[in-house]
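# Observations on chain architecture
The lines below spell out each chain.
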Amino acid sequence: MSLVTPLMNLNERPPVMFVSGKGSWLQDSEGRRYLDFIQGWAVNCLGHSPSVLVEAISSQASRLMTPSPAYHSETTLALADRLRASSGFDQVNLVNSGAEANEAAIKLTRKWGAQNKGGAFRIITFENGFHGRTLATMSACGKPAFDALYEPKVPGFDRVPFNDLAAVEAAISKDTVAIMLEPIQGEGGVVAATECFLQGLRALADEHQLLLVFDEVQTGIGRTGELFAYQLFGVTPDVITLGKGLGGGIAIAAMLAKNHCCCFEPGDQGSTFGGNPLSAAAANAVLDIVANPTFLAQAQANGAALRRVLEQVSQRFGLGEVRGQGLLLALNTHGSSTVDAFQLEAACFELGLLVNGLRHNLLRVMPALNFTVEELHLFEQRLIQGIEQLLAEKD
Ligand SMILES: *Cc1c(COP(=O)(O)O)cnc(C)c1O
């Protein structure tokens, strides 16, 4: 059963109306509660409506929401300073969504190529990569389902296999200006780049005068246990993009770059709502908490505990490997015994647990970074119950 609504039909939504959320919990209009291990798609890093965020945006809303990006505001500048100080990048472009941040990165590299590399504009991207849903970012994606959509695509992207350094090297031409990738592919199946691959990309970029761009829209802001995933690998890109977790549930995204490639001038790039004080207040409140080493240590501990639970569940039922980092994890549901991850998502939903079936054989979880021990225990119980139900139906 699905509800008929005036919303364009772009998602298969369960026939449930969510009315409130707090921390790891969502509640529907019938008063049923759901333990949320999706969190708006890795967005609500502090859970639903954390009081610090509610207070920060209420207080900002009553003072100043949107003066226009053509004027200074203290809250926006405070965010830019914080991002610079915590990231090691020099300059910040604030926008509203991950795709818009990636568009900004694509534009920056193309302008840099026009000025510094004889008009080089081609960007090497990766199979199964995901960078968003504007036309240019879809063109940069390596998602097979996008290939036939909205032709013709934006030209200038060369797609190669992930973690294949030789393929990258072979794809470099005099027109290449950048390499763009997710350090851990999220939508593509929670597949991490190897350290050796990323170090190799850095070396190739240096050798061929290319910009290295990390799309950290999903992996940034503590999701992997470090504030930014690039810190896990000991490789520093020239540009990173952030989104999802940055606003903790409020739309804000950012493109950060090192000085040597910051070539935008007034008029080159802009966004009506980009970096407005209301969303910047949200991001400031998030960073106040998430950038704290004690919080990150707890997020790492939570990640390790969640991984152990998934591994134990996998072992108990004879499923497959657990992969990912920190609190971006996936369980391969096809081992010696198999469970369909889409069916498991649906079974867990009925049991009051939100998890994401990414493929038939892959279940992804992206909980709040600060879930409690009791919540993890309930997650385990409900996941086990869901798997048991599906296995019993098969018998
Ligand atoms: C979600 C995501 C995007 C797109 O972000 P939007 O806010 O939906 O535009 C881009 N890159 C990655 C890695 C993502 O996970």
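Here, the structure is the one placed above.
Attention in this report is confined to the structure presented alongside it. This is a predicted model, so every value here is computed, not measured. (Residues numbered from 1 in each chain as written. Predicted model: local features only at pLDDT ≥ 70, side-chain atom pairs only at ≥ 80, totals over all residues. Heavy atoms only, no water.)

## Here we look at the site of the ligand
Which entries qualify depends on this criterion: When at least one non-hydrogen atom of a residue lies within 4 Å of a molecule or strand, that residue is treated as near it. Within 3.5 Å is the distance limit for a polar contact, defined as a pair of N or O atoms, with the added protein rule that one can donate a hydrogen and the other accept it, and that residues adjacent in sequence qualify only through two side-chain atoms. The protein chains shown are the only cover counted for residues, whose accessible areas, like all others here, come from Shrake-Rupley with a 1.4 Å probe. Secondary structure elements are defined from DSSP: runs of H or I of at least 4 residues count as helices, runs of E of at least 2 residues count as strands, and each element is numbered from the N terminus. Any residue outside Ala, Val, Leu, Ile, Met, Phe, Trp, Tyr, Cys, Pro, Asp, Glu, Lys and Arg is labelled polar, Gly included; the first ten of those are nonpolar and the last four are charged.
Surrounding the ligand, one finds Ser97, Gly98, Ala99, Asn102, Phe130, His131, Gly132, Glu182, Asp215, Val217, Gln218 and Lys244. At a separation of 2.8 Å, an oxygen atom of the ligand approaches a polar side-chain atom of Gln218. In the environment of the ligand, an oxygen atom lies 2.6 Å from a nitrogen or oxygen atom belonging to the side chain of Lys244. Its free accessible area being 380 Å², the ligand has 80% of it covered by the protein chains. When residues in the shell around the ligand are grouped by element, the largest group, three residues, is from helix 4 (residues 98-116). Among the residues forming the shell around the ligand, the class breakdown is three nonpolar, six polar and three charged.

## Concerning the nonpolar core
Buried together is how nonpolar side chains tend to be arranged in soluble globular proteins. Our working rule: In these notes, a set of buried Ala, Val, Leu, Ile, Met, Phe, Trp, Tyr and Cys residues joined through side-chain atoms within 4.5 Å is what counts as a nonpolar core. Each residue's exposure class comes from its accessible area (1.4 Å probe, protein chains only) as a fraction of the maximum for that residue type: buried when under 20%, exposed when over 50%, partly exposed otherwise. Any two residues having at least one pair of non-hydrogen atoms within 4.5 Å are treated as being in contact.
With 93 residues, the main nonpolar core has Leu181, Val290, Leu306, Phe379 and Leu383 as its most contacted residues. Take this core: its biggest share by element is nine residues, from helix 10 (residues 293-317). Apart from the residues lying within four places of it in its own chain, the contact partners of Leu181 are Phe126, His131, Phe162, Phe197, Leu198, Leu201, Leu212, Val213, Phe214 and Asp215. Counting residues in hydrophobic clusters, the runner-up holds 20 residues, among them Trp112, Ile123, Ala136 and Ala178.

## A look at the sheet that holds strand 3 (residues 33-36)
Through backbone hydrogen bonds, the strands of a sheet pair up, either in parallel or in antiparallel fashion. So the rule is basically this: DSSP bridges decide pairing: two strands pair if at least two such bridges lie between them. Axes, fitted as lines to C-alpha atoms, cover a helix only where it is in contact. Angles between the N-to-C directions of the axes lie from 0 to 180 degrees.
Here we have four strands laid out as an open sheet, ordered 1-2-3-15, and mixed in their pairing. Looking at which strands have only one partner, the edges of the open sheet turn out to be strand 1 (18-22) and strand 15 (353-354). Sheet analysis places strand 2 (residues 25-28) next to strand 3, joined by three bridges and oriented antiparallel. Counterpart to Trp25 in the pairing with strand 3 is Leu35. Its contacts with the sheet put helix 12 (residues 373-394) on strand 2, strand 3 and strand 15, and the angle it makes with strand 3 is roughly 100°.

## Remarks on the pattern of salt bridges
Here is the rule we go by: Should a side-chain nitrogen of Lys or Arg be within 4 Å of a carboxyl oxygen of Asp or Glu, the pair is scored as a salt bridge.
Enumeration according to the criterion identifies 14 salt bridges in this entry. Put simply, Lys111 and Glu265 hold a salt bridge, and the shortest N to O gap is 2.7 Å. Residue Lys111 is found in helix 4, and its partner Glu265 is found in the loop between strand 12 (253-257) and helix 9 (277-290); the two are separated by 154 residues along the sequence. Overall, Lys111 belongs to the buried group, its relative accessible area being 19%. In this structure, the salt-bridge partner of Arg323 is Glu321, at a minimum N-O distance of 2.8 Å. What you see here is one network of salt bridges that share partners, running through Lys111, Glu265 and Asp268.

## Quick look at the packing of helix 2 (residues 51-63) against helix 9
We apply this condition: Note that the term roughly parallel is reserved for angles under 35 degrees, roughly antiparallel for angles over 145, roughly perpendicular for angles of 65 to 115, and oblique for everything else. The sense of a crossing depends on the near helix, which, turned anticlockwise from the far helix by less than a right angle, makes the crossing left-handed and, turned clockwise, makes it right-handed.
Here helix 2 crosses helix 9 at 150°, and the two axes come no closer than 9 Å. Judged by the angle between their axes, helix 2 and helix 9 are roughly antiparallel. The crossing of helix 2 and helix 9 is right-handed. Here Val52, Leu53, Ala56, Ile57, Gln60 and Ala61 of helix 2 come into contact with helix 9, specifically with Pro277, Leu278, Ala281, Ala282, Ala285, Val286 and Ile289.

## Side note on helix 4
Quick reminder of the rule: The span one expects for a helix is its residue count, reduced by one, times 1.5 Å.
With 19 residues, helix 4 extends 27 Å between its outermost C-alpha atoms, agreeing within 8% with the 27 Å of an ideal straight helix rising 1.5 Å per residue. Most of helix 4 sits inside the fold, with 14 of its 19 residues counted as buried. Taken from the residues just after helix 4, Gly118 is the one with a positive phi, measuring 60°.

## A closer look at the pairing of strand 16 (residues 356-359)
As paired strands, strand 16 and strand 17 (residues 362-365) are joined by three bridges and run antiparallel to one another. Bridging across to strand 17, Gly357 finds its partner in Leu363. Between strand 16 and the antiparallel strand that follows it, strand 17, lie two residues.

## Re the side chain of Asp215
We count it as follows: Only four residue types enter the tally: Lys and Arg on the positive side, Asp and Glu on the negative side; His and the chain ends are excluded.
Checked against the element boundaries, Asp215 lands in strand 10 (residues 211-215). Here Asp215 is buried and forms no salt bridge, its nearest opposite-charge partner Lys244 lying at an N-O distance of 7.3 Å. At a separation of 2.9 Å, a polar atom in the side chain of Asp215 contacts the side chain of Asn102. The contacts of Asp215, once residues within four sequence positions are left out, are Asn102, Phe130, His131, Leu181, Glu182, Pro183 and Thr241.

## Notes on the sheet that holds strand 16
What the four strands build is an open sheet, ordered 13-14-17-16; its pairing is antiparallel. Whereas interior strands pair on both sides, the edge strands pair on one side only; in this sheet they are strand 13 (322-325) and strand 16. Across the sheet, the axes of successive neighbouring strands diverge by a mean angle of 25°, strand direction being ignored. Where strand 14 (residues 328-332) meets strand 17, four bridges bridge the pair, whose relative direction is antiparallel.

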